[in-house]
Amino acid sequence: MSNLPLSTSAPRLTVPPPNTDEKTPLLELKNLEMRFPVKRGILSRVVGYTKAVNDVSFEVYQGETLGLVGESGCGKTTIGRCIVRAYTPTGGSILYRTEQGTQLDLATLEPNELRDIRTDIRMIFQDPYSSLNPRMTVYEIISEVLRVQGGHSEAKMKEAVQTMLNKVGLRPEYMHRYPHAFSGGERQRIVIARALITNPRLVVADESVAALDVSVRSQILNLMETLQRELQLTYLFISHDLSVIRHSCDRVVVMYVGRIVETAETDDLFKTPKHPYTEALLSAVPIDNPRQRNSKERIRLKGEVADPSNPPTGCFFHPRCQYATDICKTTTPPLETLATGHTVACHHAKELSLQGVTTH
Amino acid sequence: MALTSSQTPPSKQATESAVSLEVAGQWRLMWWKFKRHRLAFVSLIVLIIFYLIAIFCEFVAPTTTSKFWRDYVYAPPQTIKFVHDGQFGLYVNGYKFERDPRTFEKTWTIDNETIIPIGLFVKGEPYKLWGLFRGDRHLFGPTEAGQPFFLWGSDKNGRDILSRSIYSSRISLTIGLVGVLFTLVLGILFGGLSGLLGGWVDTSVQRLVEILMSIPALPIYMAFGAMVPIDWPPTRIYFMTSLIISLLGWTWLARVVRSKFLSLREEDFVLAARLDGCGPMRLIFKHMLPSFYSHIIASLTLSIPSMILSETALSFIGLGLREPVVSWGVQLKDAQKITNLANYPWILFPALSIVIVVLAFNFLGDGLRDAADPYTL
Amino acid sequence: MHSVIDIKDLNVHFETRQGLVRAVNGVTFSIPAGKTVCLVGESGSGKSITARALLQIVPKPGKITSGEIVLHHDGKTTNITKLEPRGSEIRKIRGSEIAMIFQEPMTSLSPLYTVGNQISEAILLHNKVSKKEARDRAIELLKRVGIPRAEQRVDEYPFRLSGGMRQRVMIAMALSCNPKALIADEPTTALDVTTQSQILDLMRELQEERGMAILFITHDLGVVAEMADDVAVMYLGNTAEFGSVDDIFNNPKHPYTQALLSSIPKVGAERGDLVSIKGMVPSPYRRPSGCPFHTRCAEFIEGVCDTVEPAAISFSDDHVARCHLYNNAGQVANKEQGRHV
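Residues numbered from 1 in each chain as written. Chains lettered and ligands numbered in written order. Predicted model: local features only at pLDDT ≥ 70, side-chain atom pairs only at ≥ 80, totals over all residues. Heavy atoms only, no water.

Some remarks on the pattern of salt bridges
Think of it this way: side chains of opposite charge can pair up when their charged atoms draw near. For the structure shown, the criterion picks out 40 salt bridges over all chains. For A:R251, the salt bridge goes to A:E64, with nearest N and O atoms at 3.0 Å. Of the two residues, A:R251 is situated in strand β9 (residues 251–256) and A:E64 in the loop between β2 (45–60) and β3 (65–69); the sequence distance between them amounts to 187 residues. Neither residue differs from the other here; A:R251 and A:E64 are each classed as buried. A salt bridge links C:E151 to C:K143, with the shortest nitrogen-to-oxygen separation between them at 3.2 Å. Judged by its relative accessible area of 39%, C:E151 is partly exposed. Within this structure, C:R144, C:E205, C:E209 and C:R210 form a network of salt bridges that share partners. (Salt bridge = Lys/Arg side-chain N within 4 Å of Asp/Glu carboxyl O. Helix = DSSP H or I, 4+ residues; strand = E, 2+ residues; numbered from the N terminus. Buried < 20%, exposed > 50% of the residue type's maximum accessible area, 1.4 Å probe, protein only.)

Listed below in structure tokens is the structure:
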């Protein structure tokens, strides 16, 4: 078992293997499906399935920050959990390119094969209160993964933890304290330290700032950016907060009830969205300039977010979409490329000109 | 932009106590929270005293369980007095013997004229501490060995009820612990397997638990009582009794452990540990179990009284321990006859010990349960 | 515009084992009829406690130690701080004069009673009407807050409804007795952004219709920009700044307000590093001396900000800030330290 690169070692090479001449993605999701059984009755018989993730395909390129955005029930958290194999997907594949260049399908790996991947793909959790074991010290929490993987002396681990704590802006002496001694923002730094201690290649950040105070969010976002540059990380940034997505992400994937509706580079998505749901989502975000309060036409969506266990026919968004026509009720729109890097799943994407967010 | 994590440090004294709070692990936090529960804290002291008495019972008791005074049957309790004729000294009054003129019944009453001085660390009946060490000093007793000294009166054989009660504490208090040990092992084993593995393991263990819980306890004990050979040595009977009590009594702990496991499984920090690569064994013992050691301790503490009471009840009706082994239940058998109870009410004194111990365990368990989760206010 | 609620120098203190916590420390502002005042702050700022003080539902061991909360209703004035928290006087006010909606729609509706039942209860408590009338009114209210098929929905239990629906039910309950003031404690924080915009629209409509005063508590500055007429920015129990929404966003005076505005990521902004406020919100048990924000303030003046609590300084009729930068002591000290204000 080779020695794991700890944070104290040299940064990874980011030059891709020499025999490829186009950008190969670090992670590629192909037709990913995750469904949960719906049980009814005294005997808990399975009467149907909820497709939390429904035929999702996208790529994550090395070094970028890919945003995954959507509202409740869209499946973004489930995708994150599938990638780290907290859940085992019920369909599709998650192709991961290792450092050596081989491609592994994370969805079908056996548990013992997964062990080696655990250090490459790590997760930052949302709630810094429930994701730190209150009965373990900070040192024990952060070093747990190193301990489990084995092959590191106690002294080496201590050094690695101290370096990591410095990097996230906490005093190394604090490592013998328990989580209850820290505030929310400090705890989230511990969560980040735990995720990055193994020098991973891909980090899934599941709503990493949602539970924090507003003034602390910016600290953590800046920290995550700094660490990305320093450690050459790739982030999958899951969030429901569009302003955070705008600020942090290079590309964005928009999801609705388990399906992808649009992917684009961030600026393109926000300035010229191509899917009516994206347009509505952007329109719903409150503008933080009171003088522009009544300036734009607010798109009022009817009804509520669709229920993933009983989704509408055809395009899931059609009951709430102001541009819907007959074809939208019957046929699921495929994900098509409109421009470079901009894909949409909408029958009318080419004809519609939708309103984005103006810079203010 | 600089990332600083500290704020303006407050005064030094505040820092120090604050720091100790921050490095305090769960046990220290629990202890602090426990100390605030006055009743539980006092109960802890009381129980420590009781257990010390139980450990050193041969030394503490004024006399042995078998020493009897043929003449002093059902003698009433004596009270300790301090001053006699202007002189300071511990003593009790002796007995005078009266015969009721109509029934010709012999009774003992306290004679205020006779003095029996008592003292500490007196020489008395020889004994073997824990069956190993010979000794004849007693913590307190009559200065003149052989004098009748019955703080709780004497029973139908002329034996000192207090001394026998003290010896009983050893049996009654430890049977609770032995039972608890069995419960702990069986409860965690079955509950843990059930909660973690799920599936058919879970289903079968739960059905087993339900069947055991629905068996009425008393008929089982009675059947057992009938089965036990008369010639078994008392210690063997003692262990079998506690084994039987706990074989039916572990089920509630299995359920508690199982439900705790099921809820902990969903916690984010358990998921984080899984993502760190922890296998199921490490998950259970390093990450999940520490979260409810405290609950288990609290629950077990609350279950000890019921074990003590079970043993008392069994011995009382003759199904548990018997003479010559002495326990509070055995002592109380004497009180079954209403005439005895009416004429000699002091034979009920051993019940006082039971009440105090059971109450103390209940309060202690309450305090432990409150302290068990120190992370909430 | 007359004010419905006047809060004057309110103090709410918590006596805890670890010390005295001044959760609300001398807060003063007014809520005019037909207007929305947003109370902005982070955790520990005291905004929720202020709201709860208005209805005398401050959780133990908190106590209102001084100050006044004056409610103007039907020509009368009542000082709420003088009322017994468990008395009948305050109960008459709760629900009928001042109503409140909460953050978690999942937990603020009772799972044991139908939606209609819960709305009717509020009506029946304050009005002498029959059960049937109360039910009819409940159905009307459900329609008004935009719940489709209200006649069927009125008999459903809360668990059948989505988060947005439940929040609408809460609003219906709050409005059932035509209150003069509505307190909304982070009502949209737990909702999706599209649902949030629906709820905010609804609240604005209802306010216009009924002329209610709204006290809207939030930490989301975007929502503040959308909803507020006036804004009170709170930090560790003090009002750092109070002013019209325009003043706060375009002419903020207090360093905390300025820092907050520049530290939030904006949907419409270009990408770039965020200016972050250094340090953490101090623990309420270890309250900094003087101005509570001084430990994190970019404009900290040594010797002044850490010793004396700044008094309120008025910039215009209704724009107030508590900061030493704007009073004599601060300006003098600043000059001495060679800095420009």
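Focus on the sheet that holds strand β4 (residues 133–142) of chain B
Residue and element names in this part refer to chain B. Pairing is antiparallel in the open sheet, where four strands are placed in the order β1-β2-β3-β4. In the strand order of this sheet, the two ends are held by β1 (81–84) and β4, each with one partner. Between one strand axis and the next, the sheet turns by 55° as a mean value, whatever way the strands run. Pairing analysis gives three bridges linking β1 to strand β2 (residues 87–99), with the strands arranged antiparallel. Bridge pairing links V83 to F88 in β2. (Pairing = 2+ DSSP bridges. Axes fitted to C-alpha atoms, helices over the stretch in contact; angles between N-to-C directions.)

Regarding the domain arrangement of chain A
Residues and elements named next belong to chain A. Parsing chain A into structural domains produces domain 1 (20–256) and domain 2 (259–344). On a C-alpha basis, the centres of domain 1 and domain 2 stand 27 Å from each other. Counting residues at the interface gives 22 residues for domain 1, matched by 26 residues for domain 2. Buried surface at the junction of domain 1 and domain 2, both sides included, amounts to about 2200 Å², of which 62% is carbon and sulfur. It is R246, V254 and Y256 in domain 1 that bury the most area against domain 2; as a group they hold 39% of the surface buried on that side. (Domains from an automatic or database assignment. Contact = heavy atoms within 4.5 Å. Buried area = accessible area lost by both parts, 1.4 Å probe.)

Overview of the nonpolar core
Nonpolar side chains in soluble globular proteins generally cluster together in the buried interior. A:I192, A:L227 and A:Y256 are the most contacted members of the largest nonpolar core, which totals 72 residues. Take this core: its biggest share by element is seven residues, from helix α6 (residues 214–231) of chain A. If sequence neighbours within four positions are ignored, A:Y256 has contacts with A:C74, A:V261, A:Y277, A:E304, A:V305, A:A306, A:F316, A:F317 and A:R320. With 59 residues, the next largest nonpolar core counts C:L109, C:V169, C:L182 and C:A228 among its residues. (Core = buried A, V, L, I, M, F, W, Y, C linked by side-chain atoms within 4.5 Å.)

Brief notes about a nonpolar patch on the surface
Where nonpolar side chains cluster on the molecular surface, the patch consists of B:I48, B:L52, B:I55, B:F56, B:W130, B:L132 and B:F133 and spans about 680 Å² of accessible area. Relative accessible area serves as the criterion here: at 60%, B:L132 is assigned to the exposed category. (Patch = residues over 30% accessible without salt bridge, like charges linked within 9 Å, V, L, I, M, F, W, Y side chains within 5 Å. Areas by Shrake-Rupley, 256 points an atom, 1.4 Å probe, with all protein chains shown as cover.)

Comments concerning the interface of chain A and chain C
It is common to give the size of an interface as the accessible area lost on bringing the parts into contact. Tallying the contact residues gives 50 residues for chain A and 50 residues for chain C. Contact between chain A and chain C buries roughly 4100 Å² in total, counting both sides, with carbon and sulfur atoms accounting for 48%. The interface formed by chain A and chain C holds one salt bridge in total. A salt bridge links C:D246 to A:R291, with the nearest nitrogen and oxygen atoms 2.8 Å apart. In this structure, the connection of chain A to chain C is made through twelve residue pairs in polar contact (both at pLDDT 80 or more). Within the residue set of the side of chain A that touches chain C, elements represented by two or more residues are α5 (184–196), α6, α7 (242–248), α8 (266–271) and α9 (276–284) of chain A. (Polar contact = N/O pair within 3.5 Å; in protein donor to acceptor, adjacent residues only side chain to side chain.)

With respect to the sheet that holds strand β1 (residues 27–40) of chain A
Residues and elements named next belong to chain A. As summarised here, the arrangement of the four strands in space is β2-β1-β4-β5, forming an open sheet in which the pairing is antiparallel. Bordering the open sheet on either side are β2 and β5 (103–105), each of which pairs with just one other strand. Pairs of neighbouring strands in the sheet enclose a mean axial angle of 25°, with direction left out of account. As paired elements, β1 and strand β4 (residues 91–97) share five bridges and run antiparallel to each other. Along β4, the bridge assignment pairs E33 with G91. Taken strand by strand, helix α1 (residues 76–83) contacts β1, β2 and β4, and its axis lies near 110° from that of β1.

Overview of the packing of helix α5 (residues 131–144) of chain C against helix α7 (residues 163–175) of chain C
Residues and elements named next belong to chain C. For the pair α5 and α7, the least separation of the axes is 9 Å and the interaxial angle reads 130°. By the criterion of interaxial angle, the relationship of α5 to α7 is oblique. At the point where α5 passes α7, the crossing takes the right-handed sense. Between α5 and α7, the contacting residues are R137, L141 and L142 on the first element and V169, A172 and L175 on the second. Of the residues assigned to the contact of α5 with α7, the class counts are five nonpolar, no polar and one charged. (Parallel < 35°, antiparallel > 145°, perpendicular 65-115°, else oblique. Left-handed = near helix turned anticlockwise from the far one by under 90°. Nonpolar A, V, L, I, M, F, W, Y, C, P; charged D, E, K, R; others polar.)

What to know about the environment of C:R86
Relative to the elements of secondary structure, C:R86 occurs in the loop between β5 (76–79) and α2 (88–93). For C:R86, a relative accessible area of 73% corresponds to the exposed category.

Topic: the domain arrangement of chain C
Structurally, chain C comprises domain 1 (109–177) and domain 2 (255–337). Here domain 1 of chain C and domain 2 of chain C have C-alpha centroids that lie 44 Å from each other.

Points about the confidence of the model for chain C
In low-pLDDT regions, the fine details of the predicted coordinates are not to be read closely. Residues of chain C with pLDDT of at least 70 account for 96%, and the chain-wide mean is 88. This prediction of the complex comes with two scores: 0.79 for pTM and 0.85 for ipTM. (pLDDT = per-residue confidence, 0-100.)

Things to note about the interface of chain B and chain A
Taken together, the 32 residues of chain B in the interface contact 37 residues of chain A. Between chain B and chain A lies a buried interface of about 2800 Å² when both sides are counted; carbon and sulfur atoms form 53% of it. Our count for the chain B to chain A interface comes out at three salt bridges. Residue B:K286 pairs with A:E140 through a salt bridge whose shortest N-O separation is 4.0 Å. At the junction of chain B and chain A, the tally comes to eight residue pairs in polar contact (both at pLDDT 80 or more). At the level of secondary structure, the elements contributing two or more residues to the side of chain B that touches chain A comprise α1 (12–23), α2 (26–35), α10 (268–275) and α11 (280–316) of chain B.

Examining unusual backbone geometry
Following C:K60, the chain continues into C:P61 via a peptide bond in cis, with omega recorded as 0°. Along the polypeptide, C:P61 turns up in the loop between α1 (47–54) and β4 (62–73). Even without a glycine there, the phi angle at A:R85 is positive, about 60°. You can see A:R85 is positioned in the loop between α1 and β4. Judged by relative accessible area, A:R85 falls into the buried class, the value being 9%.

Some details on the environment of C:V129
All names here are of chain C. Looking at where V129 falls in the secondary structure, it is placed in the loop between α4 (115–126) and α5. By relative accessible area, which is 30% here, V129 ends up partly exposed. Apart from the residues lying within four places of it in its own chain, the contact partners of V129 are I123, L124 and A134.

Topic: helix α11 (residues 255–263) of chain C
A large share of α11(C) lies buried, amounting to seven of its nine residues. Buried residues of α11(C): C:P255, C:Y256, C:T257, C:A259, C:L260, C:L261 and C:S263, and no others. Lining the buried residues of α11(C) we find α6 of chain A together with α9 (221–227), β9 (230–235), β10 (238–244) and α10 (245–250) of chain C.

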